[in-house]
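Structure assessment
Here's the letter readout for the chains.
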Amino acid sequence: MSDLDDLYQEIILDHNKSPRNRRKLEQADHTAEGYNPLCGDHVNVFINVENGVVKEVTFEGSGCAISTASASLMTEELKGKTLDEAKVLFKRFHGMITGEDRESSEEAGLGKLEVFSGVCRYPARVKCATLAWHTVRAALDSGGESVTTE
Amino acid sequence: MTTTAPQYSEPPVGTDAEAIDVHAIRADFPILRQTVNGKPLIYMDNTATTQKPQAVIDALSDFYATRNANVHRGVHHLSVQATQAYEQARLKVRDFLGASRVEEIVYVRGTTEAINLVAQTYGRANIHAGDEVVISTMEHHSNIVPWQILCQQQGATLRVVPINDAGEFLFDEYEKLLGPRTKLVAVTHVSNAMGTVNPVERIIQRAHACGARVLIDGAQAVPHMKVDVRALDCDFYAFSGHKVFGPTGVGVLYGKFDVLDAMPPYQSGGDMIQTVSFEKTTYNDLPARFEAGTPNIAASIGLGAAIDYVTAIGLDRIARYERGLLHYTTEALSRIPEVRMIGTAADKASVVSFVVDGVHPHDVGTILDSEFGIAVRAGHHCAMPLMKRFNVPATVRASMAFYNTREEIDALAGAVKRVVEVFG
Ligand SMILES: Cc1ncc(COP(=O)(O)O)c(C=O)c1O
């Protein structure tokens, strides 16, 4: 089971079962909707930013374990980060998942997010892991439109 | 060259499992010898595409190695050989479908192109503002979107026959939808997402009684059962070569001669013409009129080889063997309490769609593949309206061909139990 344990680590299974911050944020100043047409995974993100810092971030949606856990862990990691830090984190996370930037992501210390490192060996699942992140970026960049992983 | 009508063997005595010698058959499919993630490949995604027997692979390479030339164009030896092989394969398709005339067999790229062809030629010429096209809830997107586009172009209306919770076509509702405005009915013979076998013969009769033409999407029927377009009396029948153990890139549109003959051309260019001048072009006879440009010659010949292959086994034997597989799979999965079947029609082909409580189909698919070497489809199966009908985002689908075994189904059931444990 080594490979599988690598993908579906305990933390991922736990965040899938009880996702953190899965609720709507009534007065969000940034929102966006993300959709992965291949899987039907669907996510809405809600963000409040104050003085350039992510004060609150939540999500709603349905999807596979990888996309749900990724959204859940993302909300925990983003909270309290400056917008610049958030961008860097996204870049490193993306690099790790796609296997394009392994070294720097390891050095960077992605913390809990490293549980997703196994995803890069499952190309069919990369989009699941990055959907919530793409959606957050869209929310912060444009203040609210729909993105797809295509 | 002539071909004789295929000889179907009598259904054998004995159990369904003995209807064919599955181990001998597996030896004909080189890809089935491989391992995936260290496990022997268990290929259960036959609805997406089927594997190819050595005979089909050989037909492709023999063509390129010994007979490659363009068809209908040269007087030289190779061109004559290529044309003969290409046209002989068409005769095999005619016999395979039970069509009366070879002119009724049009080579296309696949089911999708066949349906688009009918929509944009027959449809644009015959369906007008206020007319109606009838499809069903269980159609593949390729039997929805071409009609949607046609209806938009012509100001016609698309009507959809509902299904029941078992995934069966509701005939009574269908009858209510039919009327003087119905110009065309387009229904799948077998549902790719659930395996439901539709009562197409009755559907066709009923449509004809109100003057509508009928297109049957046969993509998932021809690999599983004997199809006879004359007995069905359909106006059009479409299927894809790659889903019936042939190559990708070729498919077939069958159309009744008189219906096809009255249709305007689809694509235009070489081969579909008789004479061209800058003032006027006259079109070629059937079926060339609908085959503009250089076709997929090798794939068409490969399709002929695939038809020979399944015909030699016998579609009655295949149907019988697969009935056993379907029953066995349904039993094995139903014993797992967390499994819910999507599509429990009384009449089904060997396609089993299901969801596992609390586990997304993609996670099931990944675990089946990476831990057990089992290839299934996890997704919406190009049937999003159907997923909506069952209120699921996606399903896991195991679709079996005659080379699948009961041991493989045992492995599938074991793997699903493991999924339940991991996510438990
Ligand atoms: C019922 C049905 N219709 C149409 C199609 C489209 O076939 P193709 O992609 O070969 O054109 C499929 C393929 O999945 C199918 O299952």
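Chains are numbered independently. Their residues run from 1 in the order of the written sequence. Here chains are named by letter from A upward and ligands by number from 1 upward, in the order in which they appear as written. Since the coordinates come from a predicted model, pLDDT governs what is reported: local features require at least 70, and pairs of side-chain atoms require 80 or more to be given and counted, while whole-chain, interface and lining totals use all residues. Hydrogens are left out, water is left out, and the side-chain values use all remaining heavy atoms of the structure.

**Overview of the pattern of salt bridges**
Pairing between side chains of opposite charge can happen when their charged atoms approach one another. All names here are of chain B. A pair is scored as a salt bridge if a Lys or Arg side-chain nitrogen falls within 4 Å of a carboxyl oxygen belonging to Asp or Glu. Per the counting criterion, the structure on display carries 29 salt bridges over all chains. The salt bridge involving Arg320 is made with Asp16; its shortest N-O contact spans 3.0 Å. Residue Arg320 is located in helix α11 (residues 315-334), and its partner Asp16 is located in the segment before α1 (22-26); the two are separated by 304 residues in the primary sequence. Lys92 is the partner of Asp308 in a salt bridge, and the nearest nitrogen-oxygen pair spans 2.8 Å. Counting from the N terminus, the helices are the DSSP runs of H or I reaching at least four residues and the strands are the DSSP runs of E reaching at least two.

**Quick word on the interface of chain B and chain A**
Residue contacts are defined here by distance: any two heavy atoms, one from each residue, within 4.5 Å place the two residues in contact. Chain B puts 13 residues into the contact, and the matching count from chain A is 19 residues. Along the contact surface separating chain B from chain A lie one salt bridge. Between Asp363(B) and Arg125(A) there is a salt bridge whose closest N-O contact spans 2.8 Å. Contacts described as polar in this section are N or O atom pairs within 3.5 Å, which, within protein, must combine one atom able to donate a hydrogen with one able to accept it, while residues neighboring in sequence count only if both atoms come from side chains. Linking chain B with chain A are six residue pairs in polar contact (both at pLDDT 80 or more).

**Describing helix α3 (residues 65-78) of chain A**
All names here are of chain A. In this scheme, a helix's expected span is set at 1.5 Å multiplied by one less than its residue total. The terminal C-alpha atoms of α3 lie 20 Å apart, and with 14 residues this matches the ideal 20 Å at 1.5 Å per residue to within 8%. Most of α3 sits inside the fold, with 13 of its 14 residues counted as buried. At the C-terminal side of α3, Gly80 shows a positive phi close to 90°. For each residue, the accessible area found with a 1.4 Å probe, counting protein chains only, is set against the maximum for its type, and the residue is called buried under 20%, exposed over 50%, and partly exposed in between.

**Quick notes on the site of the ligand**
Residues and elements named next belong to chain B. Nearness is judged by heavy atoms alone; a residue qualifies as near a molecule or strand once a single heavy atom is within 4 Å of it. Not every one of the 13 residues close to the ligand is listed here, only the nearest: Thr112, Asp217, Gln220, Ser240 and Lys243. Separating an oxygen atom of the ligand from a side-chain N or O atom of Thr112 is a distance of 2.5 Å. His140 is positioned such that a nitrogen or oxygen atom in its side chain is 3.1 Å from an oxygen atom of the ligand. Burial of the ligand by the protein amounts to 85% of the accessible area it has alone, namely 400 Å². Three residue categories are used. Nonpolar comprises Ala, Val, Leu, Ile, Met, Phe, Trp, Tyr, Cys and Pro, charged comprises Asp, Glu, Lys and Arg, and polar comprises the others, including Gly. Considering only residue class, the shell around the ligand consists of one nonpolar, ten polar and two charged. Accessible surface is estimated by sampling points in the Shrake-Rupley manner with a 1.4 Å probe; for residues, cover comes only from the protein chains shown.

**Some thoughts on helix α14 (residues 406-423) of chain B**
For α14(B), spanning 18 residues, the distance from its first C-alpha to its last is 26 Å, which sits close to the expected 26 Å at 1.5 Å a residue. Every buried residue of α14(B) is accounted for by Glu408(B), Ile409(B), Leu412(B), Ala413(B), Ala415(B), Val416(B), Val419(B), Val420(B), Val422(B) and Phe423(B).

**Some details on the pairing of strand β11 (residues 273-276) of chain B**
With three bridges connecting them, β11(B) and strand β12 (residues 281-283) of chain B associate as antiparallel partners. Residue pairing across strands places Val276(B) opposite Thr281(B), the latter belonging to β12(B). Only strands joined by at least two bridges in the DSSP assignment are considered to pair.

**Some words on the domain arrangement of chain B**
Quite often, the size of an interface is put as the accessible area lost when its parts meet. Residue and element names in this part refer to chain B. Domain boundaries in chain B define domain 1 (16-43 + 314-423) and domain 2 (58-311). Note that the domain bounds reflect an automated or database-derived domain assignment. Averaged C-alpha coordinates put domain 1 and domain 2 at centres separated by 28 Å. Across the contact, 34 residues belong to domain 1 and 29 residues belong to domain 2. Here domain 1 and domain 2 share an interface that buries about 2500 Å² over both sides, 60% of which is from carbon and sulfur atoms. Our count for the domain 1 to domain 2 interface comes out at one salt bridge. A salt bridge links Asp165 to Arg389; the nearest nitrogen and oxygen atoms lie 2.8 Å apart. Summed over the shared surface of domain 1 and domain 2, the number is 19 residue pairs in polar contact (both at pLDDT 80 or more). If you list the elements that add at least two residues to the side of domain 1 that touches domain 2, you get α11, β14 (351-356) and α13 (384-389). Here the residues of the side of domain 1 that touches domain 2 are counted per class, giving 21 nonpolar, seven polar and six charged. Buried area: the accessible area, evaluated with a 1.4 Å probe, that two parts lose upon being put together, summed over both parts.

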